[in-house]
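Secondary and tertiary structure notes
Chain by chain, the residues run as shown.
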Amino acid sequence: MKIAVPDLISNSYFPAAAAVELGYFKEEGLDVSLELIFPVDKCYAALRDGTIDFVGGSAHSALAAFPEWKGVKLLCAQAQGMYWFLVMRADLKAARNDLSIVKGKRIGAAPWVEMGLRQLLKAGGIDLERDQVSIAPVPGAVGATVNFGLTAAKALEDGKIDGFWANGMGTEVAVTRGVGTVVLDIRRGDGPKGCFDYTMASIATSDRFIEQSPDKAAAAVRAIVKTQAALKADPAKATAVGRKLFPPSEAELIAELIRRDLPYYDASITPSFVEGMNAFARNIGILKGHPRYEDVVATQFSPLWSKA
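In short, a report on the structure. (Residues numbered from 1 in each chain as written. Predicted model: local features only at pLDDT ≥ 70, side-chain atom pairs only at ≥ 80, totals over all residues. Heavy atoms only, no water.)

1. Digging into the side chain of Arg-187
Relative to the assigned elements, Arg-187 resides in the loop between strand S9 (180-185) and strand S10 (201-206). A residue is classified by how much of its surface remains accessible, and Arg-187, at 8% relative accessible area, is buried. (Helix = DSSP H or I, 4+ residues; strand = E, 2+ residues; numbered from the N terminus. Buried < 20%, exposed > 50% of the residue type's maximum accessible area, 1.4 Å probe, protein only.)

2. Considerations on the environment of Arg-177
One can find Arg-177 in the loop between helix H6 (168-176) and S9. Distance in space between the C-alpha atoms of Arg-177 and Ala-238 is 22 Å, their sequence separation being 61 residues. Once residues lying within four places of it in the same chain are set aside, the contact partners of Arg-177 are Lys-154 and Glu-157. (Contact = heavy atoms within 4.5 Å.)

3. Brief notes about the packing of H6 against helix H11 (residues 254-261)
Running from N to C, H6 and H11 cross one another at 120 degrees; their axes reach a closest spacing of 11 Å. Between H6 and H11, the crossing angle belongs to the class labelled oblique. Seen from above, H6 lies across H11 with right-handed handedness. Two secondary-structure elements touch here, H6 through Gly-168, Met-169 and Glu-172 and H11 through Ile-254, Leu-257 and Arg-260. Among the residues forming the contact of H6 with H11, the class breakdown is three nonpolar, one polar and two charged. (Axes fitted to C-alpha atoms, helices over the stretch in contact; angles between N-to-C directions. Parallel < 35°, antiparallel > 145°, perpendicular 65-115°, else oblique. Left-handed = near helix turned anticlockwise from the far one by under 90°. Nonpolar A, V, L, I, M, F, W, Y, C, P; charged D, E, K, R; others polar.)

4. A word on the sheet that holds strand S1 (residues 2-5)
Spatially, the five strands line up as an open sheet ordered S2-S1-S3-S10-S4, and their pairing is mixed. Only two strands of the sheet have a single partner each, and these edge strands are strand S2 (33-36) and strand S4 (72-79). Each adjacent strand pair in this sheet contributes to an overall mean axis angle of 25 degrees, direction not counted. For S1 and strand S3 (residues 54-58), the ladder comprises two bridges, and the chain directions are parallel. The partner of Ala-4 across the bridge, within S3, is Val-55. (Pairing = 2+ DSSP bridges.)

5. Notes on helix H3 (residues 40-49)
Along H3, the positions that sit buried rather than exposed are Val-40, Cys-43, Tyr-44, Ala-45, Ala-46 and Leu-47. Looking at the packing, one finds that the buried side of H3 touches S1, S3, S4, S10 and helix H7 (207-212). Following H3 by one or two positions, Gly-50 has its phi on the positive side, about 85 degrees.

And the structure:
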């Protein structure tokens, strides 16, 4: 079996990667390999087409391949809350949580990821057209092997963009190199009200897979929950995973990033989150209806969310 993630050298989807590398899928009787497919809508297209079995990506992006949540379910969370950062060039001297810094600027963001930024800027009073804000893919962020956060950090350093909306690894690299300043960290309270629930890093699969292999779907949830518990108990385990998957410098950063994320390591997906995510999806035009919680989440596996 295969689990696809849209970014690998990152903390965003680390529980999925660690579940493979630390052997927790195998412990649950699943032979799962990790596949990088960028951008995230292509992950979900591969799930729809049956070429992969699970997606470890942004929850709202399932709508790219499964309109109105038809044919897909979220199994569990990798971590709670929208997990991207807005980072601007250090020389702009941006203040924390000051959205006006984006006016007249070029912001790099991946497809489908950029929707979260567009909506929170709108909610914060920024009109992209009036305020001449350009949000577009990062130069060079194309191809099957791209790692978006690192590409974004390099583009910022090279002056190709004024800011980026990306993961914690790209953020850490930009900040430690002295080329970027964090303006928004959504998980830790920045941004307009409600934006925490725009999306989350989740594990998703198809209705077809659940129907045909409910035991395997349950095993996948247990593997993620065990991985979260193992990293909470010993964040240093992340370094061993990073050394297998990341370049050397980023491998040495990952344990600290995971340690910071541990308060959000909770596999549950609540009705209030789904309500917030679907409201966001309607606001940005990728959802028309009002699907029920049970239409979005595979609730039969919810008892497993709290069992490590």
